[in-house]
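Coordinate inspection notes
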Amino acid sequence: MRAVVFEGFGRDPEVREVPDPVAAPGGAVVRVEATGLCRSDWHGWMGHDPGISLPHVPGHELAGVVESVGAGVGRRRPGDRVTVPFVCACGRCDACAAGQQQVCERQTQPGFTHWGSFAQYVALENADVNLVEVPQETSFATAAGLGCRFATAFRAVVGQGRVAPGEWVAVHGCGGVGLSAVMIAVACGARVVAVDVSPRALELARTFGAAACVDASQHPAGADGAVRELTGGGAHLSLDALGSPATCAASVRGLRRRGRHVQIGLLPEVSGDPAVPMARVVALELEILGSHGMAAHAYPPMMDMVRTGLLRPDLLVTETLPLSAAPAALAGMGARPGAGVTIVEPQRE
């Protein structure tokens, strides 16, 4: 098969021929029809994830068709249209038994713990636990984001964030996951302040229902002051959807009393530990929460909102690329701000 491979961290990736994967017992091989280009992939390519072994094939948010299944798989069969959470759970540990597969103790992650979906085929473990059916009416490009960015944003806003109608929600960083959070919060009846440095990203946020937008480049000391002013004292719920010490701190500082901060964006060690204003956390009784994807069994409410048109993840897709264009797009993510979702189609020449 053809796949994007890099031999060293930060070194130019390239498309080459590699052996086809084989389904392990309990696992499956999926023919990848669409895979998202995510900032997490860029972090992995840069060497910010200590679990990656070289050479490596990135890619972790995908949709496609089951090509083959291993021994013991009962719920999935070749020909099924599927997506998969980027956290593939074991289904057997204490966390999985409690229904918290997104923090599985023996989790695997395509594109990180093993070769990923920037390829024509990808092997996935524990198929019966992790594969999620994709309806015929949902395109593969739309479904790819449901494995990471959109599902992660859904759980961050609805599950961890406990958003309520009428609340103010601040979203710091309006790439794919941030714009997903904007759309989801608006659909839940919240009022959203979108924060980014990219005019295009803020324009999309406004299109998806943001009540106000803040250009963070105009606030070098932090956008939290503008957020507090726009929301009449601070957001009820704030999310760092980018992942940087600056956006993490601004998200916390922009909260009102007893507000909730949810960290979505990765904060790799290379960026340094964020200076979270803990005195404010204590004085205002703020909540600091993490959000790490969403378990496969939790997808139905989100899929129902997609099916009825209340959520439109298809509108987040702003660019589609063939596999041959993926190496340059991956390497370029560190230099250009994201706006929307870029989808790679590995079967496309």
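Above this text you will find the structure in question.
Now for a description of the structure that goes with this document. The numbering scheme is per chain: residues are counted from 1 as the chain's sequence reads. The model is predicted, so local features are restricted to residues of pLDDT at least 70 and side-chain atom pairs to those at 80 or more, both for listing and for counting; the totals for chains, interfaces and linings are taken over all residues. Side-chain measures here rest on the full set of heavy atoms in the structure, leaving out hydrogens and waters.

Right, let's get into the overall build of the protein chain. Only DSSP runs of H or I with at least four residues qualify as helices, and only runs of E with at least two residues qualify as strands; both kinds are numbered from the N terminus onward. Per the secondary structure count, the protein chain includes 12 helices and 15 strands. Relative to its length of 349 residues, the protein chain is compact, with a C-alpha radius of gyration of 19 Å against a globular reference of 20 Å. In terms of overall dimensions, the protein chain has a C-alpha envelope of 55 × 40 × 35 Å along the principal axes. Out of the 349 residues belonging to the protein chain, those deemed buried represent 55%. Note on contacts: a residue pair qualifies if any of its non-hydrogen atoms lie within 4.5 Å across the two residues. Of the contacts made within the protein chain by residues no fewer than 6 positions apart, 71% connect residues no fewer than 24 positions apart. Surface exposure of the protein chain reaches about 13900 Å², of which carbon and sulfur atoms provide 52%. If the 28 positive side-chain charges of the protein chain are averaged to one point and the 33 negative ones to another, these points end up 6 Å apart. For the radius of gyration, the atom set is restricted to C-alpha positions; the globular benchmark scales as 2.2 Å times the number of residues to the power 0.38. Relative accessibility decides the category of a residue: with a 1.4 Å probe and only protein chains considered, values under 20% of the type maximum give buried, values over 50% give exposed, and everything between is partly exposed. We get accessible surface area from the Shrake-Rupley algorithm with a probe of 1.4 Å; when it comes to residues, only the shown protein chains can shield them. The sign given to each residue is positive for Lys and Arg and negative for Asp and Glu; His and the chain ends receive no count. By convention, charge coordinates are those of NZ in Lys, CZ in Arg, CG in Asp, or CD in Glu.

Closest axis-to-axis distance for the helix 5 (residues 149-160)/helix 6 (residues 176-187) pair is 8 Å, and the angle between their directions is 50°. Of the possible angle classes, the one that applies to helix 5 and helix 6 is oblique. Between helix 5 and helix 6 the crossing geometry is right-handed. Taken together, the residues of helix 6 that come into contact with helix 5 (itself represented by R149, F150, T152, A153, F154, V157 and V158) are G176, V177, S180, A181, M183, I184 and A185. Of the residues in the contact of helix 5 with helix 6, the class split is 10 nonpolar, 3 polar and 1 charged. Angular values range over 0 to 180 degrees, each being the angle between N-to-C directions of two axes fitted as lines to C-alpha atoms, with helices fitted over their stretch in contact. Angles below 35 degrees are treated as roughly parallel, those above 145 as roughly antiparallel, those between 65 and 115 as roughly perpendicular, and all remaining angles as oblique. Helix crossings get a hand from a simple test, with the near helix turned counterclockwise from the far one by less than a right angle marking a left-handed crossing and a clockwise turn marking a right-handed one. Amino acids outside the nonpolar list (Ala, Val, Leu, Ile, Met, Phe, Trp, Tyr, Cys, Pro) and the charged list (Asp, Glu, Lys, Arg) are all regarded as polar, and Gly is one of them.

Let us look at the sheet that holds strand 12 (residues 255-263). Where strands meet in a sheet, backbone hydrogen bonds hold them as pairs that are either parallel or antiparallel. Here, any two strands with at least 2 DSSP bridges between them count as paired. Read across the open sheet, the 6 strands follow the order 10-9-8-11-12-13; overall the sheet is parallel. With one partner strand each, in any of the chains shown, strand 10 (212-215) and strand 13 (287-290) form the two edges of the open sheet. Taken over all neighbouring pairs, the strand axes of this sheet differ in orientation by 20° on average, direction set aside. Examined bridge by bridge, strand 9 (residues 191-196) and strand 10 share 4 bridges and lie parallel to one another. Among the inter-strand pairings, A194 is bridged to a residue of strand 10, identified as C213.

This paragraph deals with the pairing of strand 9. Among the 6 residues of strand 9, 5 are classified as buried, and the element is accordingly described as predominantly covered. Sheet topology places strand 8 (residues 168-172) next to strand 9; 5 bridges connect them, and they run parallel. Residue V169 lies in a different strand from strand 9, and its bridge partner there is V192. Between the parallel pair strand 8 and strand 9, the chain is carried across by helix 6, and the sense of this crossover is right-handed. Seen with the strands pointing away from the viewer, any crossover whose path from the first strand over the helix to the second strand runs clockwise is right-handed.

What follows deals with unusual backbone geometry. Each neighbour pair has its own omega, and for L54 with P55 the value is -5°, a cis peptide bond. By the element assignment, P55 lies in the loop between helix 1 (39-46) and strand 4 (62-69). You will see that R258, though not glycine, has its phi angle at about 60°, which is positive. Along the chain, R258 turns up in strand 12. Residue class for R258 comes out exposed when judged on its relative accessible area of 57%.

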